[in-house]
Each structure stands twice: as structure tokens, then as C-alpha cells.
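# Working through the structure, step by step
The primary structure of each chain is shown beneath.
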Amino acid sequence: LLLLGLSRSTDADVTELLAQAVARQGDERVREMAADLLFDRVDTASKALVLQVARADSSARLRASCVLALGRLADDDARRLIVEKLIDKSPLVRAAAAVALTRRNVDGARESAIAAIEPRLKHGETNVDVRADLEAARAVLAGERTDVRWTEVGPRIVFANMSLRVLVLPDEKI
């Protein structure tokens, strides 16, 4: 409950506290909630902790939430990790990576995201739900669709109800 209250603050220190809660070992539910709250908050100061969890945490749910949050950043390290997660062992994380690639739908990022998705569609993705999200992400990035409803992967809701909010922040340094 405290995390929800803190999340209403726009203070960068709160974002850092949320990132620390995600990275700290402890109650998985608390860590998951903190990761979900970072979705629209992750910034350069919290990036290292979020990258660490996305890269190596044993919880697929936490890795997926962190990958989604990292999609917000116009950052090469974040983008590289998201592309790497297209081949994660967990279908949930692979789907989250596809969704995350659509969060920065701007020139340059768009083309490289399509280039990362297409090989997975042609040669690799066997999970039907992940494949659906990869196809939807490719269509969004190619400008063919704007009405995407993401396919949930697994029993827990992570992003199926997430609206497609393409971030275009031309003057903002994130």
C-alpha cells in the first residue's frame, strides 16, 4: 500500500526507491508491484537497477515488467537488452520485449526494432501467444496498426490490458 501512495509522487527520489524495491531480495509481490509502478517512471538514474533485474532475476514476471519499463528509455543499453530478451527462455519475457520495442516508436528506433523482430517471426518463435505479440509489434512499428490489444502469455496479467501508448518525446531526454 505504501508503494501505491509513493507512486503518486513525481519526485525522482521516489522512482529510485521503487527501483531499489525491485532490485532488493524479498517478497515477490512487493517487487512485482514496484516493477509495475516503474512502467512510466524509469529514468536514467534508476536504469542500472532495472537493467540488472531484467537481465538476471530468476522471476520471469519481474524480468518482463522491467523489460516493459525499459522500453520507455531512448537508451542504447536498454534497447540492446530488450532485443536480447526476444530470445529469453520465458515466453512472458519474450512477449514483453516485443511490446517494449513499440514504446519508443520513433524514426531510427522503429527500423531497428523491426529488424530485431522479423528474424524471430521467420525462424524462431514457437509460442503462439508470443508470436501474436511479435506480429502485432511489427505491425505497429511498420505503421500498419494502431489498435493493438496485446496477447497475454501465461496465467497472470502483465500487459494484456495495457493500451498502446506510443511514446514520442522529441525534446525530452530520458
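Residues numbered from 1 in each chain as written. Predicted model: local features only at pLDDT ≥ 70, side-chain atom pairs only at ≥ 80, totals over all residues. Heavy atoms only, no water.

### Some points on helix 2 (residues 12-23)
With 12 residues, helix 2 should cover 16 Å at 1.5 Å per step; its first-to-last C-alpha distance of 17 Å lies within 8% of that length. Val 14, Thr 15, Leu 18, Ala 19, Ala 21, Val 22 and Ala 23 are the residues of helix 2 that are buried. (Helix = DSSP H or I, 4+ residues; strand = E, 2+ residues; numbered from the N terminus. Expected span 1.5 Å × (residues − 1). Buried < 20%, exposed > 50% of the residue type's maximum accessible area, 1.4 Å probe, protein only.)

### Examining the packing of helix 7 (residues 91-101) against helix 9 (residues 128-141)
Here helix 7 crosses helix 9 at 10°, and the two axes come no closer than 8 Å. With respect to helix 9, the axis of helix 7 lies roughly parallel. For the pair helix 7 and helix 9, contact is made by Pro 91, Arg 94, Ala 95, Ala 98 and Leu 101 and by Val 130, Asp 133, Leu 134, Ala 137 and Leu 141, respectively. In terms of residue class, the contact of helix 7 with helix 9 is built from eight nonpolar, no polar and two charged. (Axes fitted to C-alpha atoms, helices over the stretch in contact; angles between N-to-C directions. Parallel < 35°, antiparallel > 145°, perpendicular 65-115°, else oblique. Contact = heavy atoms within 4.5 Å. Nonpolar A, V, L, I, M, F, W, Y, C, P; charged D, E, K, R; others polar.)

### Considering helix 3 (residues 28-37)
Residues of helix 3 that are buried: Arg 31, Glu 32, Ala 34, Ala 35 and Leu 37. Where helix 3 begins, the capping side chain belongs to Asp 27, and its oxygen is found 2.8 Å from the backbone nitrogen of Arg 29. (Polar contact = N/O pair within 3.5 Å; in protein donor to acceptor, adjacent residues only side chain to side chain.)

### Some thoughts on the packing of helix 4 (residues 47-56) against helix 5 (residues 60-70)
Taken N-terminus to C-terminus, the directions of helix 4 and helix 5 make an angle of 140°; their axes are 8 Å apart at the nearest point. When the interaxial angle is binned, helix 4 and helix 5 end up oblique. Relative to helix 5, helix 4 is oriented so that their crossing is left-handed. When helix 4 is examined against helix 5, the residues Lys 47, Val 50, Leu 51, Val 53 and Ala 54 are found in contact with a partner set consisting of Leu 62, Arg 63, Cys 66, Val 67 and Leu 70. The residue makeup of the contact of helix 4 with helix 5, split by class, is eight nonpolar, no polar and two charged. (Left-handed = near helix turned anticlockwise from the far one by under 90°.)

### Digging into the nonpolar core
If you look at the biggest cluster of nonpolar residues, it comprises 51 residues, and the most contacted ones within it are Val 22, Val 67, Leu 70, Leu 86 and Ile 117. Elements supplying a minimum of two residues to this core: helix 2, helix 3, helix 4, helix 5, helix 6 (76-84), helix 7, helix 8 (109-123) and helix 9. When residues no more than four places from it in sequence are discounted, the contact partners of Val 67 are Ala 54, Leu 81, Ile 82, Lys 85, Val 93, Ala 96, Ala 97 and Ala 100. (Core = buried A, V, L, I, M, F, W, Y, C linked by side-chain atoms within 4.5 Å.)

### Observations concerning the confidence of the model for the protein
Scored by pLDDT, the protein comes out at a mean of 83, with 81% of its residues at no less than 70. Between residues 163-174, whose pLDDT stays under 50, and residues either more than four places distant or in other chains, the model counts 26 contacts. (pLDDT = per-residue confidence, 0-100.)

### Examining the pattern of salt bridges
One pass over the structure, following the stated rule, counts 14 salt bridges. Residue Asp 40 pairs with Arg 103 through a salt bridge whose shortest N-O separation is 2.8 Å. Taken as a pair, Asp 40 in the loop between helix 3 and helix 4 and Arg 103 in the loop between helix 7 and helix 8 lie far apart in primary sequence, 63 residues in all. On the accessibility criterion, Asp 40 (34% relative accessible area) is partly exposed. With relative accessibility at 3%, the residue Arg 103 sits in the buried group. Measuring nitrogen to oxygen at the nearest pair gives 3.2 Å for the salt bridge that ties Arg 120 to Glu 125. Across this residue pair, the class does not change: Arg 120 and Glu 125 are buried. (Salt bridge = Lys/Arg side-chain N within 4 Å of Asp/Glu carboxyl O.)

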